[in-house]
Amino acid sequence: MKRHHAVVLSACIALAAQPAFAAQTRESHLKPVATISDTRFTLVTPQGRAQFPLYLSKDWSVPQPHVTRAVIVIHGKLRNADVYFRTAENAREAAHADADATLLIAPQFLATLDTLDTRAHDETASLLRWRGDAWMGGETAQAPLPISSFDVLDAIVARLADRKLFPDLRQVVFAGHSGGAQVVQRYAIAAHNVSALTDEGIDVRYVVASPSTYAYFDAQRPNAQGVAAPFDAAACPDFNQWKYGMDHRPPYLRDRSPAQLEATYAARRIDYLVGGADDDPQQRALDKSCAAEAQGPQRVARAQAYYRYMQTRHPDGLKQSFHIVAGVGHDGSRMLTSACALSAMFGAQGCEP
C-alpha cells in the first residue's frame, strides 16, 4: 500500500528549457530500477502536483517529538535508493545511534527514457522523472512538471523544518556516495531553503564521499602537481559548463552569481571523503569526459585537488574537512559506514584528523 505525504512549494518553479548539461548525460548504463519505493511525497507547485518516491524510517506526516537527527542519504546513478536506505540503517547501527531519535530518508530520483523506470513498474504518470543523470546537477524534471531535483530536496528541508512535526530536531545531514555525492556537493552550493533549518537553530552538514567530479567556481583547474591554475580551454571547450563549473547553470542557480554561490558554499559544514584505493583512472563508473579529466585523472587526485583549491581560496574560516578512507575502493557501503562517515553522520567517535 502506497503512503502519500504532501508539501506545498511556495517558490515559483522555473519553466526554462533543459540547459546544456542535460544533453551531456550518459544514458547507456540506464536500466529499470529493481524497486521503486511505495512511499510517496506529493509536491504542490504553481504548475500543479507531482509525486516523488522516497524511503523513510518513520512516518513524517505525524509529529515525531523524539527525533533529534535526520540523515538524508542520496543514491548514485543506479537510482537504487533501497540499497542506500539499507546502508543508512547499517551505518546507524554501526554508530550505535538511537533509532528512536534518528530519521533516515533516502530520496529516489527516477529516469525517463520513454518513462523507463515508471513503465517498467507500471507506475503512474505523476511520478517525477529526469532525463538520464540530469538529476545529479539540479536540472528540471522532464515529467510530469519541470521541478528541479534541488527543489525536491528543498521540499524535504521544508518538511524537516516544521517544528510541529519535529519539535526537537537538532541536526540534518545530507550524505551521498559517487553520483549521490555529486548531488550533495552541488546542492551544498545551490540550496535555496537550508536557512529554514538554520534559522531554527538546526545544524546542517554535508558528507561528500567519492564523487567523480566537483563544481569549480572559476576557470582554474588542477595542473600536473594538483594545484589550481588557469586551464587551457582549447583542450576542452566545455570544461567550465555546469555541473563541472559555473557556465550555463540550470534555472535553479541562475538567481545568484558564482561569487555569491561560492561564499555560501565556503560557509557550509562539509566533510569530503574518498576511498584510498579509489584511484583507478579506468574505474567503470568514473566520469571520463574531458570536463572531468580536467579535474584530475581519478577520484583520489580529484578530491585532493578540490579540497586544496577550496583551502587556497578560503584560508580563514573554511568549515570543511578532508579524509582518505584507507584501503577502500569505489564502494558505497564501506564508505558510508567508515569511521569518518559515522562521525559526520551520527557523531560517532574514531575518525582520525
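Because the structure is predicted, anything quoted here is derived from the model rather than measured. (Residues numbered from 1 in each chain as written. Predicted model: local features only at pLDDT ≥ 70, side-chain atom pairs only at ≥ 80, totals over all residues. Heavy atoms only, no water.)

Undergrad: Sorry if this is basic, but what is going on with the nonpolar core here?
TA: Looking at soluble globular proteins, one finds that nonpolar side chains tend to be buried together. Core analysis: the largest hydrophobic core is formed by 70 residues, its most contacted members being Trp60, Leu160 and Tyr187. Once residues within four sequence positions are removed from consideration, Tyr187 is found in contact with Phe150, Leu153, Asp154, Val157, Phe174, Val194, Tyr206 and Tyr252. The next biggest cluster of nonpolar side chains, apart from the first, holds 27 residues, and it includes Val71, Leu104, Val207 and Ala344. (Core = buried A, V, L, I, M, F, W, Y, C linked by side-chain atoms within 4.5 Å. Buried < 20%, exposed > 50% of the residue type's maximum accessible area, 1.4 Å probe, protein only. Contact = heavy atoms within 4.5 Å.)

Undergrad: Mind showing me how you'd approach the packing of aromatic side chains here?
TA: Working definition: an aromatic ring pair is given by the centre-to-centre distance plus the angle between the planes. For the structure shown, the criterion picks out 20 aromatic pairs. Geometrically, the ring pair formed by Phe52 and Trp130 is edge-to-face, given 6.5 Å between the ring centres and 85° between the ring planes. In this pair, Phe52 is assigned in strand 3 (residues 48-56) and Trp130 in strand 7 (residues 129-130), connecting sequence segments 78 residues apart. Judged by its relative accessible area of 0%, Phe52 falls in the buried class. For the pair Phe109 and Trp135, a centre-to-centre distance of 5.6 Å together with 0° between the ring planes defines the contact as stacked. Pair noted here: Phe109 is in the loop between strand 5 (102-107) and strand 6 (110-111) and Trp135 is in the loop between strand 7 and helix 4 (149-160), with a separation of 26 residues, a long-range link. In this pair, the class of Phe109 matches that of Trp135, namely buried. Feature note: the residues Tyr214, Tyr216, Tyr272, Tyr306, Tyr307, Tyr309 and Phe322 constitute an aromatic cluster, connected by ring pairs. Lying over the aromatic face of Trp60, Arg159 brings its terminal NZ or CZ to 5.0 Å of the ring centre. (Phe/Tyr/Trp six-rings, centres within 6.5 Å; stacked < 30°, edge-to-face > 60°. Helix = DSSP H or I, 4+ residues; strand = E, 2+ residues; numbered from the N terminus. Lys NZ or Arg CZ within 6 Å of the ring centre and 35° of its normal.)

Undergrad: In this structure, what is going on with the packing of helix 4 against helix 5 (residues 179-190)? I would like to understand it.
TA: Each pair of packed helices gets described by two things: the angle between the helix axes and the distance between those axes. Two elements in contact, helix 4 and helix 5, have axes whose closest approach is 11 Å; the angle formed by their N-to-C orientations is 75°. Relative to helix 5, helix 4 is oriented roughly perpendicular. Where helix 4 approaches helix 5, its residues Phe150, Leu153, Asp154 and Val157 are matched on the opposing element by Val183, Arg186, Tyr187 and Ala190. (Axes fitted to C-alpha atoms, helices over the stretch in contact; angles between N-to-C directions. Parallel < 35°, antiparallel > 145°, perpendicular 65-115°, else oblique.)

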